[in-house]
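Fold and contact review
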Amino acid sequence: MIRTQRLAAGVCALLAALTAGIAFPAGAVADETDQAAPKVELVLDVSGSMRTRDIDGGSRMAAAKQAFNEVLDATPEEVQLGIRTLGANYPGDDRKVGCKDTEQLYPVGPLNRTEAKTAVATLAPTGWTPIGPALQRAATDLDGGDGTRRIVLITDGEDTCQPLDPCEVAREIAAKGIGLTIDTLGLVPDAKTRDQLICIADATGGTYTSVQHKEELTDRVGELVDRAAEPVVTPVATEGATECAKAPALKAGLYTDREEFGQQRWYKVDLNPGQELRASVSVAADRAVNPDYGVLLRAVTVHGREIVRGEATGNGRTDVLSTGLRYPKPESDDDTVTAESVCLQVTNSFSVAAGVKTTPGLPLELTLDVVDGPSRASDVAAFGLGRGWWLLGALVLTGFVAGLLWGWLSRWRVAVWRTN
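So, how was this worked out
- Residues numbered from 1 in each chain as written.
- Predicted model: local features only at pLDDT ≥ 70, side-chain atom pairs only at ≥ 80, totals over all residues.
- Heavy atoms only, no water.
- Helix = DSSP H or I, 4+ residues; strand = E, 2+ residues; numbered from the N terminus.
- Buried < 20%, exposed > 50% of the residue type's maximum accessible area, 1.4 Å probe, protein only.
- Contact = heavy atoms within 4.5 Å.
- Expected span 1.5 Å × (residues − 1).
- Polar contact = N/O pair within 3.5 Å; in protein donor to acceptor, adjacent residues only side chain to side chain.
- Axes fitted to C-alpha atoms, helices over the stretch in contact; angles between N-to-C directions.
- Left-handed = near helix turned anticlockwise from the far one by under 90°.
- Nonpolar A, V, L, I, M, F, W, Y, C, P; charged D, E, K, R; others polar.
- Pairing = 2+ DSSP bridges.
- Core = buried A, V, L, I, M, F, W, Y, C linked by side-chain atoms within 4.5 Å.
- Patch = residues over 30% accessible without salt bridge, like charges linked within 9 Å, V, L, I, M, F, W, Y side chains within 5 Å.
- Areas by Shrake-Rupley, 256 points an atom, 1.4 Å probe, with all protein chains shown as cover.
- Salt bridge = Lys/Arg side-chain N within 4 Å of Asp/Glu carboxyl O.
- Parallel < 35°, antiparallel > 145°, perpendicular 65-115°, else oblique.
- Right-handed = clockwise from strand over helix to strand, strands pointing away.
- Disulfide = S-S within 2.5 Å.

Another aspect to go through is the overall build of the chain. The number of helices and strands found in the chain is nine helices and 16 strands. When the 420 residues of the chain are sorted by exposure, 44% land in the buried category. A separation of at least 24 residues holds for 75% of the contacts in the chain among residues at least 6 apart in sequence.

The following block contains the structure:
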């Protein structure tokens, strides 16, 4: 019995190893590239409501100061960090003046921890909550450069300076295609504050976190600052055309664009004989949309003939729709055959209810890769297995042998039992 269990375990281990060989093919290694210095600006709400004492027995302002001090101590050397405040200076009732109350407390650049901590220590809860204007100014503070750029907004209430909607401000920032991400943290938030902060984060691909305790605030802000230092691929801003003939020529890489509701966007890629084009697109609903929508990605020739397509549909349960396609261009024995221009068309069927703004367009992310195409001699594409045929054969053979051994052992055990 013990020998039978060992044999079964060995067969299972072999099957698992072969399966892993299929699931995790070799050679999937990401290229590392030099990254410009990452920039982060912490935007802190210093409005009057930050006096409220409901975070671990202390005020919200005290919790924020403690979090800032600990995060400043742990900030990686390569991160350029700045601090901006909103509602820190004007205590009066003039709304027009209060909605301009945002200033850069510490400039974005190499961090001097002592100076930054001293600046934070002087803060006292004072005025209004101009989130929209603060985000506009913070985006300007981080302007320039190619590295990661991140705004971390910490507030305990919704914006008090409408009609400048902070969600619209975030969408406008994202529409510039500068790769700036806004993360939001709500201190003991109510439902309206939570919805607004989620909207701001979603517009730029950021995250939202609800905070109830000092340790949560410190840990989350630290995580976001550390994340800025991690190597990332920054999408390149591009602008698709309304037709194939005017489409921008793109190379392999990651691109970002904006697409109006129901609009077509066209891009162009050159493909040499023996190469394969791999393309994927994601379109995000960064505002309320009607259910039942779709995204279509088509590869067509410059003459309008469709080559291949990918499509995806949704019904309101997801905020992002993604699809992709692959097109291998066959090799040619004719040396005069040159590169082929392949046009990519992205179409969406999102729609919005009355009252929801349609501009700027929906955020779109396009990934392009051009690789060597399948080899005629070694790749079999009939069933989409490629070089996985030999692994399939090994699995079939292993299963056959395991079945024979199991059957022989079972018959042997029955014979021994009858004899005894």
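Resuming the write-up.
Relative to the 18 Å expected for 13 residues at 1.5 Å per residue, helix H7 (residues 191-203) spans 18 Å between its end C-alpha atoms, a close match to the ideal helical length. Among the structural elements, helix H5 (131-141), strand E4 (149-155), helix H6 (166-175), strand E5 (180-187), strand E6 (208-211) and strand E9 (253-259) are those in contact with the buried residues of H7. Of the residues flanking the start of H7, the one acting as N-cap is Asp190, its side-chain oxygen 3.3 Å from the backbone nitrogen of Lys192. Trailing H7 by a residue or two, Gly205 shows a phi angle of about 75°, which is positive.

Helix H8 (residues 214-229) packs onto helix H2 (residues 60-74) with a crossing angle of 35° between their chain directions and a minimal axis gap of 9 Å. Once H2 is placed against H8, the crossing between them reads as right-handed. On H8, the residues that touch Ala63, Ala64, Gln66, Ala67, Glu70, Val71 and Ala74 of H2 are Lys214, Leu217, Thr218, Val221, Gly222, Val225 and Asp226. By residue class, the composition of the contact of H2 with H8 is eight nonpolar, three polar and three charged.

Attention now moves to the sheet that holds strand E10 (residues 264-271). Taken in spatial order, the five strands of this open sheet run E8-E10-E15-E12-E13, and their pairing is mixed. Of all the strands in the sheet, the pair left with one neighbour each is strand E8 (249-250) and strand E13 (306-314). In terms of strand pairing, strand E12 (residues 293-301) meets E13 through eight bridges, oriented antiparallel. Pairing of Val295 across the sheet is with Ala312, part of E13.

Let's shift gears to the nonpolar core. Counting residues in each nonpolar core, the largest one holds 34 residues, and the members touching the most others are Leu44, Ile154 and Leu217. Those elements that place two or more of their residues in this core are strand E1 (39-45), H2, strand E2 (80-86), strand E3 (102-109), helix H4 (113-121), E4, E5 and H8. It is H2 that contributes the most residues to this core, seven residues altogether. If you look at the next biggest cluster of nonpolar residues, it comprises 28 residues, including Ala279, Ala299, Tyr327 and Leu368.

Together, Leu397, Phe400, Val401, Leu404 and Leu405 make up an exposed nonpolar region whose accessible area comes to about 480 Å². With respect to the element layout, Leu397 can be found in helix H9 (residues 389-419).

Moving on to the sheet that holds strand E11 (residues 275-284). As summarised here, the arrangement of the five strands in space is E7-E9-E16-E11-E14, forming an open sheet in which the pairing is mixed. Edge positions in the sheet fall to strand E7 (236-237) and strand E14 (320-328), since each has one partner strand and no second. Pairing geometry for E11 and strand E16 (residues 362-372), over nine bridges, is antiparallel. In the strand pairing of E16, Val283 is matched with Leu364.

On to the packing of H2 against H4. Viewed as axis vectors pointing N to C, H2 and H4 meet at an angle of 175°, and their least axial separation amounts to 10 Å. Here H4 runs roughly antiparallel to H2, going by the angle between their axes. Residues Lys65, Phe68, Asn69, Leu72 and Asp73 of H2 form the contact with H4, whose own contacting residues are Arg113, Ala116, Lys117, Val120 and Ala121. Here the contact of H2 with H4 is composed, by residue class, of five nonpolar, one polar and four charged.

Taken as a whole and judged by the stated rule, the model has 19 salt bridges. With a shortest N-O distance of 2.9 Å, Asp286 and Arg287 are connected by a salt bridge.

Turning our eyes to something else, we now look at the pairing of E4. For E4, the tally of buried residues reaches seven of seven residues, placing the bulk of the element in the interior. Burial along E4 is two-sided: the residues Arg149, Ile151, Leu153 and Thr155 and Arg150, Val152 and Ile154 are all buried. Direction of pairing for E4 relative to E5: parallel, over a ladder of seven bridges. Bridge pairing in E5 links Ile154 to Leu185. Read as a crossover between parallel neighbours, the route from E4 over H6 to E5 is right-handed.

A full pass over the atoms with the stated rule returns three disulfides. A disulfide bridge connects Cys99 with Cys161, and the sulfur atoms are separated by 2.0 Å. Where Cys99 bonds to Cys161 through sulfur, the torsion about that S-S bond is close to -95°, and the disulfide is left-handed. With Cys99 in the loop between helix H3 (95-98) and E3 and Cys161 in the loop between E4 and H6, this residue pair connects regions lying 62 residues apart in the sequence. Note that Cys244 is cross-linked by a disulfide to Cys343, the S-S spacing being 1.9 Å.

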